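A look at the structure
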Amino acid sequence: MKKKPKISKNTILRFQTPIGLFTTTIQIHKNLYFLKLGFAIIQNDTNELRKEMLTVKPHKLSIVIKKITKATKKTDKYLKYDMPLVGEVKISLLDTHNTTSAETLRMLRVNDEVRQQFYQYFSDGMSPIEAIRFHENKFLLEVNFMGLANASLNPTHNQIYYLHECTTVKFHDDHLWAVLLVTPPMKRNHPLSASKEIILIDSTASCETSSSTITIMLSATKVGALPLAVMIRASQCMQNYINAFELLKMNFPQCFGGQDHPDICMSDDSSAEKGALAAIWPEAKQSLCHFHVAQAEWRWLFSHKMMEQEEKSTFMKLFQAIQVFDYIF
């Protein structure tokens, strides 16, 4: 017959296990002891627990739950409190894990010097993927594979993208480049009378590995939207918008149906874009795109948690109907 684990008369439970073995159930009922671990179940047997402890690293967690009696209160100061502290947890600091493996090195934090290097990369106009390739090439040229695996010296992709999000990139004037693209089919659309009435302007950011922004200008005609020009820019700041629009105004001054400005510019609610349009073509009236107005309304409706889903859909349909009305009575 197996012996019961020895437990002091002043102790309800003494439990010791390597850190990493999570105790999911501890039940104590007189002479019955259950310790259900992540990969072992021990019933009245400390030898099995000892075997499991020898197979893992020696850092351990020790838990002791004490009895509250007159005798224990005299010898234990923690039991003398108004709310006695009956639990005692001890964690050993001994750790023998390998700290030089590639897996361990990838878990290190980025040091301050490397952080500043990446801030400089972004300030120079590099995108995250360009900064990653440029920084990794330094280690490859030096054949420094240990540094390449060290996240404190060569951050992971997630760390680099986080640094990029936390950085406000300030471009110099020479970095605010812009490219104007006008093809022969686009030129044929410039003299159309529809090209001077309503101009649609839409931008798409983070294109290609350079994270550039593409803006397309379209004229609203009976056959649909016809392109007038395409502009590729370095960023979405107002000055870069102005640089791109100035290229169009300088090279094709009469591109809006023979006028030097459109009657109406329809765009989204980008303050940088709207400010640039007002600076280059102040005579043009500005209006918001129906799609973006409806999108803002839909988001506003969904922000109200107390409203039922059917009510949200009903209000959205009514709002879309109002958008196309010429007059509201």
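What this report covers is the structure whose coordinates are included nearby. Keep in mind it's a predicted model, so treat the numbers as computed, not measured.

On to the sheet that holds strand E9 (residues 212-221). Strand order in the open sheet formed by six strands is E7-E10-E9-E8-E11-E12, and the pairing between neighbours is mixed. The open sheet has two free edges, formed respectively by strand E7 (178-181) and strand E12 (285-288), since each of these has just one partner strand. Strand-to-strand twist across the sheet, computed as the mean angle between neighbouring axes with direction ignored, equals 25°. Where strand E8 (residues 198-207) meets strand E11 (residues 264-267), three bridges bridge the pair, whose relative direction is parallel. Paired with Leu 200 across the bridge in E11 is Met 266.

Further remarks concern the packing of aromatic side chains. Aromatic rings in a pair are described by how distant their centres are and how their planes are angled relative to each other. Going through the model one piece at a time under the given rule, you end up with seven aromatic pairs. Between Tyr 121 and Phe 134 the ring centres are 5.3 Å apart and the planes differ by 80°, which places this aromatic pair in the edge-to-face class. Highlighted residues: Tyr 121 in helix H4 (residues 112-123) and Phe 134 in helix H5 (residues 128-141), separated in sequence by 13 residues. Look at Phe 256 and Trp 281: their rings are 5.3 Å apart centre to centre, the planes differ by 85°, and that puts the pair in the edge-to-face class. Of this pair, Phe 256 sits in the loop between helix H9 (238-251) and E11 while Trp 281 sits in the loop between helix H10 (271-280) and E12, and the two are 25 residues apart along the sequence. Here the two residues Phe 256 and Trp 281 agree in accessibility, since each one is buried. A cation sits over an aromatic face here: Arg 233 above Tyr 241, 3.8 Å from the ring centre.

Turning our eyes to something else, we now look at a nonpolar patch on the surface. A surface patch of nonpolar side chains, about 290 Å² in accessible area, is lined by Tyr 78, Tyr 81 and Leu 85. Its location among the elements puts Leu 85 in the loop between helix H2 (70-75) and strand E6 (87-91). Leu 85 sits in the partly exposed class, given a relative accessible area of 41%.

Quick notes on the rules
- Residues numbered from 1 in each chain as written.
- Predicted model: local features only at pLDDT ≥ 70, side-chain atom pairs only at ≥ 80, totals over all residues.
- Heavy atoms only, no water.
- Pairing = 2+ DSSP bridges.
- Helix = DSSP H or I, 4+ residues; strand = E, 2+ residues; numbered from the N terminus.
- Axes fitted to C-alpha atoms, helices over the stretch in contact; angles between N-to-C directions.
- Phe/Tyr/Trp six-rings, centres within 6.5 Å; stacked < 30°, edge-to-face > 60°.
- Buried < 20%, exposed > 50% of the residue type's maximum accessible area, 1.4 Å probe, protein only.
- Lys NZ or Arg CZ within 6 Å of the ring centre and 35° of its normal.
- Patch = residues over 30% accessible without salt bridge, like charges linked within 9 Å, V, L, I, M, F, W, Y side chains within 5 Å.
- Areas by Shrake-Rupley, 256 points an atom, 1.4 Å probe, with all protein chains shown as cover.
- Salt bridge = Lys/Arg side-chain N within 4 Å of Asp/Glu carboxyl O.

The quantities given are spatial measurements derived from coordinates; they are silent on function.
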